[in-house]
Amino acid sequence: MIANQTICNDRGMILVAKGVLLSTSIIYRLRKFNIEVIEVKEDGDEAAQSSSTFTATARKAISTVIDLTDNVFSCRGLNVKNNISDIELVMHSVLKRPFIQEFLAVCDKNELLYKHSIRTAILSINMGLVQKWDTLNLEYLAMCAILHDSGMGREFSEHDTQHPFVGFTKLRANPDIDMLIAVVCLQHHEYYNGSGFPFGFKRTQITEFACLLAIVDYYDRLLMKNSDPRKVMFETIGKKGILFDPHMVDLFSSTIDWSRLYNIPMS
Amino acid sequence: MKFLIVDDSAFMRTQIKQVFSELAYIEFAEAVNGIEALEKHRTFNPDVVILDYIIPAPDGLAVLKILAEIDKKVKIVMITSLGNQNFIYKDCIECGAFAIITKPIARENALKVIKSIRTRVI
């Protein structure tokens with residue numbers, strides 16, 4: 001049997017995802033969290049769907065992942081070295097999904113958006129690994145990161161305050177895409193103090209993945225405009241408790257290789 | 001009528017179903033958090049959402065704001081155990097709630113909700 005719904009715990013972490021085969025260990029996990037009822041589907045179509053092919057788009061994306069992971073360490077001082085193989089494994093699994101391939105094929109024409117989407121996925125997975133999240137949550141986090149700007153038009157502009165809602169509407173209309181991913185897309189510009197957009201949600205109104213993605217997205221967008229990684233780093237972590245959840249800022253800070261950061265030559 | 005009940009307490013969901021099913025023929029779906037509420041709204045397409053104010057993120061008010069934006073037809077009834085706190089009432093009404101009722105749900109309050117929904121629908 002296959003789960004026909006995604007179930008999260010109180011903190012928004014995924015316990016079981018739609019389309020996942022219900023193994024004994026997953027059922028045990030659900031019981032541990034007092035989940036007694038779950039919608040199921042018989043195996044068949046879903047199993048065929050999960051073994052989708054690795055297209056040319058996915059192959060190109062995985063080589064971009066390898067290049068960008070290296071760049072994130074050497075030019076930005078973020079410690080991804082120990083997690084490279086895990087990041088690639090998660091991305092490899094995520095890139096098999098047809099809707100991820102479709103999005104990447106479309107935004108391939110916009111290099112800024114393409115690289116931003118993949119880089120935020122790398123940084124998010126890296127933070128998730130430090131937090132010791134399981135593979136299922138890491139994969140969902142990566143999908144959220146890749147698709148978070150799917151509401152962006154042809155121009156990659158941070159001033160487009162409608163793009164989270166446009167993206168949410170687009171993702172929500174696709175039944176293959178989990179609602180969690182659509183909601184994270186909607187909330188990735190919402191800030192801890194309620195000053196974000198489009199709704200001005202704050203604290204308990206923002207999902208865990210969106211809190212994490214907000215900081216990664218902010219940091220990466222700043223670096224597109226400013227070439228000094230030290231300045232950008234301090235500006236980002238300086239928003240602790242203002243724009244970003246303090247716990248997420250601590251998590252982000254724990255991925256910084258300070259000695260590397262201080263030894264990056266100024267361009 | 002199709003009702004979607006969103007509350008993280010199984011006991012409350014059962015109680016709400018009992019109260020409303022005694023008053024009208026209603027088809028129910030349930031959700032325990034904000035994400036599941038939005039997912040069930042997509043697949044079940046309810047006429048009415050009975051939505052608890054305090055649920056795991058995104059909370060009841062956030063779900064209310066999103067639903068009010070994406071579905072102009074759905075009637076959203078907020079439920080709260082926080083008593084008659086004016087700021088909650090103000091927030092909910094401003095964000096598009098159809099009604100607000102306090103927990104535990106009294107039969108007469110549920111009846112009022114059903115009547116006003118029918119009136120507006122007709």
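Residues numbered from 1 in each chain as written. Chains lettered and ligands numbered in written order. Predicted model: local features only at pLDDT ≥ 70, side-chain atom pairs only at ≥ 80, totals over all residues.

A. Spatial organisation of the pairing of strand 4 (residues 75-80) of chain B. Residues and elements named next belong to chain B. Counting buried positions along strand 4 gives five out of six residues, so the element sits mostly inside the fold. Relative to strand 5 (residues 99-102), strand 4 is paired through four bridges, and the arrangement is parallel. When the sheet's bridge partners are listed, Thr-80 is paired in strand 5 with Thr-102. (Buried ≥ 20, exposed ≤ 12 C-beta atoms within 10 Å, placed from the backbone. Helix = DSSP H or I, 4+ residues; strand = E, 2+ residues; numbered from the N terminus. Pairing = 2+ DSSP bridges.)

B. Local environment of the interface of chain B and chain A. Of the residues lining the interface, 12 residues belong to chain B; the matching set on chain A comes to 14 residues. Of all the secondary structure elements, the ones that give two or more residues to the side of chain B that touches chain A are helix 2 (34-44) and helix 3 (60-70) of chain B. At four residues, the largest contribution of residues to the side of chain B that touches chain A is made by helix 2 of chain B. For the side of chain B that touches chain A, the class distribution of residues is seven nonpolar, one polar and four charged. (Contact = placed C-beta atoms within 7 Å. Nonpolar A, V, L, I, M, F, W, Y, C, P; charged D, E, K, R; others polar.)

C. Layout of the packing of helix 3 (residues 56-76) of chain A against helix 5 (residues 98-107) of chain A. All names here are of chain A. With their axes 9 Å apart at the nearest point, helix 3 and helix 5 run at an angle of 75° to one another. The pairing of helix 3 with helix 5 is recorded here as roughly perpendicular in orientation. Between helix 3, through Thr-57, Ala-58 and Ala-61, and helix 5, the contact on the second element is made entirely by Gln-101, Leu-104 and Ala-105. In the contact of helix 3 with helix 5, the residues fall into four nonpolar, two polar and no charged. (Axes fitted to C-alpha atoms, helices over the stretch in contact; angles between N-to-C directions. Parallel < 35°, antiparallel > 145°, perpendicular 65-115°, else oblique.)

D. Inspection of the domain arrangement of chain A at higher detail. All names here are of chain A. The domain architecture assigned to chain A consists of domain 1 (2-49) and domain 2 (52-262). The straight-line distance from the C-alpha centre of domain 1 to that of domain 2 is 25 Å. Taken together, the residues of the side of domain 1 that touches domain 2 break down into three nonpolar, three polar and two charged. (Domains from an automatic or database assignment.)

E. Representation of the packing of helix 4 (residues 84-94) of chain A against helix 7 (residues 135-147) of chain A within the structure. Residues and elements named next belong to chain A. Orientation of helix 4 relative to helix 7, taken along the N-to-C sense of each, is 70°, at an axis distance of 9 Å. Compared by their axis directions, helix 4 and helix 7 come out roughly perpendicular. Read as a crossing pair, helix 4 and helix 7 show a hand that is right-handed. Contact with helix 4, carried on its side by Val-90, Met-91, Ser-93 and Val-94, involves Thr-135, Leu-138, Glu-139, Ala-142 and Met-143 of helix 7 and no other residues of that element. Tallied by class, residues from the contact of helix 4 with helix 7 come to six nonpolar, two polar and one charged. (Left-handed = near helix turned anticlockwise from the far one by under 90°.)

F. Representation of the nonpolar core within the structure. Membership of the largest hydrophobic core comes to 105 residues, with the highest contact counts inside it found for Ala-142 of chain A together with Leu-51 of chain B. Element by element, the count of residues in this core is highest for helix 10 (residues 208-225) of chain A, at 10 residues. For this core, the domains that each give at least three residues are domain 1 (2-49) and domain 2 (52-262) of chain A. Ignoring any residue separated from it by four or fewer positions in sequence, one finds Ala-142 of chain A in contact with Val-90, Met-91, Val-94, Ala-121, Ser-124 and Ile-125 of chain A. (Core = buried A, V, L, I, M, F, W, Y, C linked by C-beta atoms within 7 Å.)

G. Representation of the sheet that holds strand 3 (residues 48-52) of chain B within the structure. All names here are of chain B. Pairing in this open sheet of five strands is parallel, and the strands run 2-1-3-4-5 from one edge to the other. Edge positions in the sheet fall to strand 2 (27-31) and strand 5, since each has one partner strand and no second. Here the average twist between neighbouring strands, direction ignored, is 20°. In the sheet, strand 3 pairs with strand 4 via five bridges, with the strands oriented parallel. Pairing of Val-48 across the sheet is with Lys-75, part of strand 4.

H. Broad picture of helix 10 of chain A. Over its 18 residues, helix 10 of chain A extends 27 Å from the first C-alpha to the last, a length consistent with the 26 Å expected when each residue adds 1.5 Å. A large share of helix 10 of chain A lies buried, amounting to 13 of its 18 residues. (Expected span 1.5 Å × (residues − 1).)

I. Main features of the environment of Val-249 of chain A. Residues and elements named next belong to chain A. Structurally, Val-249 can be placed in helix 12 (residues 246-253). For Val-249, a count of 21 C-beta atoms within 10 Å corresponds to the buried category. Separated by 105 residues in sequence, Val-249 and Cys-144 have C-alpha atoms that sit 19 Å apart. Those residues in contact with Val-249 that sit more than four places away from it in its chain are Ile-215, Ile-237, Lys-240 and Phe-244.

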